[in-house]
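Okay, here's what each chain looks like letter by letter:
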Amino acid sequence: MKKLGVLTSGGDSPGMNAAVRAVVRTAAFHGIEVVGIQRGYDGLIEGEFEYLVPGSVANILQRGGTVLKSMRSKGFMSFEGRQKAYTNLMNEKIEGLVVIGGDGTFTGANVFNSEFDFPIVGLPGTIDNDLVGTDYTIGYDTALNTVIDAVDKIRDTADSHNRLFVVEVMGKDAGFIALRAGIGCGAEAILYPESEEDRLEPLIRRMNSEHKRKKLSNIVIVAEGAKEGNAQSVGDVLKEKCPGYDIRVVVLGHIQRGGSPTCMERVRASQMGVEAVKSLMDGRKGEMIGIVNDDICYTPFTKAIKNQEKINQNLLQMIDILSI
Ligand code: F6P
């Protein structure tokens, strides 16, 4: 392999830059040229290419966001768009591609692989942690720490005023941020999209139970796509059905996607970036590189995006136990 391309796609996540840096420097180490593709698959279609050398990725390890920019591409959903992308890759003599993103990114890569038999490997870049085949996606750890930091601050004011705060975290389809952030901030309860049962009614009963210890502050974490509704609607129901509580709603929003990546994020993103180059050199394709039990592992795109990653019931139960 003489030349490879790298792009970031979908929602950005802290640690993407660390992964790009690792790809560029590992490739250079092995004498391979790297083309940085701007704005995800859209940049691939438009031919927005820039050659990257080790110096191009200096001082990005610690930065959030992605220097390559990111997009959710509509163009790549059409065969015409993908054909244009393929022509650009051929014209530039790019022999392999590293795509960093989430399920949408890998869905596109998988279709492209099957249509053009072009070598693509993926790195899991999303704060949602919702991909099968890796314990942690790039961005998840930093997002969790951002949530914890924000909720600790909310806790201070909640405690001063004896209030209940309903805090919305990201996760349209996945409750992994809600789950671990909920444990990390000592939440009263979490509500999340994958739940099979209504968790709001039992919460209301608990809150109103006369046996309930009178807590000075309460935090309820709601994933944005929770089965019971978003934080605002959950807050409205709680205000109506738990009149004994003074309730406020906070939506954390996109602050969860920014910020400097944690140390573990940088280390894992670097490990995966190094492996991405090696795997293309070994002739691998159509797979996501992940880390399971601290070891690198490969998962076909088709399996990684199946949305089968399940909420850990033991962790979930801990929230009930620890919030009595
Ligand atoms: O997939 C990452 C994510 O941050 C989700 O948690 C969230 O639902 C979505 O992206 C938000 O997307 P956008 O930035 O396009 O509003």
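Residues numbered from 1 in each chain as written. Predicted model: local features only at pLDDT ≥ 70, side-chain atom pairs only at ≥ 80, totals over all residues. Heavy atoms only, no water.

**Here's the deal with the nonpolar core**
Soluble globular proteins tend to pack their nonpolar side chains together in the buried interior. By size, the foremost hydrophobic cluster in this structure holds 32 residues, and its most contacted members are V167, I177, I190, I219 and I221. The set of elements that each furnish at least two residues to this core consists of α5 (140-161), β6 (163-169), α6 (176-184), β8 (218-223) and α11 (313-322). With 9 residues, the top contributor of residues to this core is α5. (Core = buried A, V, L, I, M, F, W, Y, C linked by side-chain atoms within 4.5 Å. Buried < 20%, exposed > 50% of the residue type's maximum accessible area, 1.4 Å probe, protein only. Helix = DSSP H or I, 4+ residues; strand = E, 2+ residues; numbered from the N terminus.)

**Here's the deal with the sheet that holds strand β2 (residues 33-37)**
Strand order in the open sheet made by the 7 strands is β3-β2-β1-β4-β5-β10-β11, with mixed pairing throughout. One side of each edge strand has no neighbouring strand; the edge strands of this open sheet are β3 (49-52) and β11 (295-300). Neighbour-to-neighbour, the strand axes of this sheet turn through a mean angle of 30°, independent of strand direction. In this sheet, strand β5 (residues 120-124) lies alongside strand β4 (residues 96-101) in parallel orientation, the contact comprising 5 bridges. Each bridged residue has a counterpart across the sheet, and for V99 the counterpart in β5 is G122. (Pairing = 2+ DSSP bridges. Axes fitted to C-alpha atoms, helices over the stretch in contact; angles between N-to-C directions.)

**Some points on the site of the ligand**
Taken together, the neighbourhood of the ligand is formed by R72, I127, D128, M170, G171, K172, E224, H254 and R257. The contact in question runs from an oxygen atom of the ligand to an N or O atom on the side chain of R72, over 2.8 Å. About the coverage of the ligand: the protein hides 75% of its 400 Å² of free accessible area. The site holding the ligand turns out to be the largest pocket. (Near = heavy atom within 4 Å. Polar contact = N/O pair within 3.5 Å; in protein donor to acceptor, adjacent residues only side chain to side chain. Areas by Shrake-Rupley, 256 points an atom, 1.4 Å probe, with all protein chains shown as cover. 1 Å grid on protein atoms, 1.4 Å probe; cavity = no way out; pocket = protein on both sides within 12 Å on 5 of 7 lines; lining within 4 Å. Sits in = over half its atoms within 2 Å of the grid points.)

**Notes on the sheet that holds strand β9 (residues 246-251)**
Across the sheet, which stays open at both edges, the 4 strands sit in the order β7-β8-β6-β9 with parallel pairing between neighbours. The two strands at the open ends of the sheet, each matched to only one other strand, are β7 (189-191) and β9. Averaged over all pairs of adjacent strands, the angle between strand axes in this sheet comes to 20°, irrespective of strand direction. Where α6 meets the sheet, its contacts fall on β6, β7 and β8, and the angle it forms with β7 comes to roughly 175°. (Contact = heavy atoms within 4.5 Å.)

**As for the domain arrangement of the chain**
Domain assignment breaks the chain into domain 1 (3-139 + 261-304) and domain 2 (140-257). Computed from C-alpha atoms alone, the centre-to-centre distance between domain 1 and domain 2 is 34 Å. Counting from both sides, the interface comprises 19 residues of domain 1 and, opposite them, 12 residues of domain 2. Surface buried jointly by domain 1 and domain 2 totals about 1,200 Å² across both partners, of which 54% is contributed by carbon and sulfur atoms. Taken together, the connections running from domain 1 to domain 2 amount to 1 salt bridge. (Domains from an automatic or database assignment. Buried area = accessible area lost by both parts, 1.4 Å probe. Salt bridge = Lys/Arg side-chain N within 4 Å of Asp/Glu carboxyl O.)

**Describing the pairing of β5**
Among the 5 residues of β5, 5 are classified as buried, and the element is accordingly described as predominantly covered. Covered by surrounding structure in β5 are I120, G122 and P124 together with V121 and L123, the residues of both alternating faces. Since β4 and β5 lie parallel, the crossover through helix α4 (residues 103-116) that links them has a hand, and here it is right-handed. Bridge analysis of β5 against strand β10 (residues 287-292) gives 2 bridges, and the strand direction is parallel. In the sheet register, V121 faces β10, and the bridge partner there is E287. (Right-handed = clockwise from strand over helix to strand, strands pointing away.)

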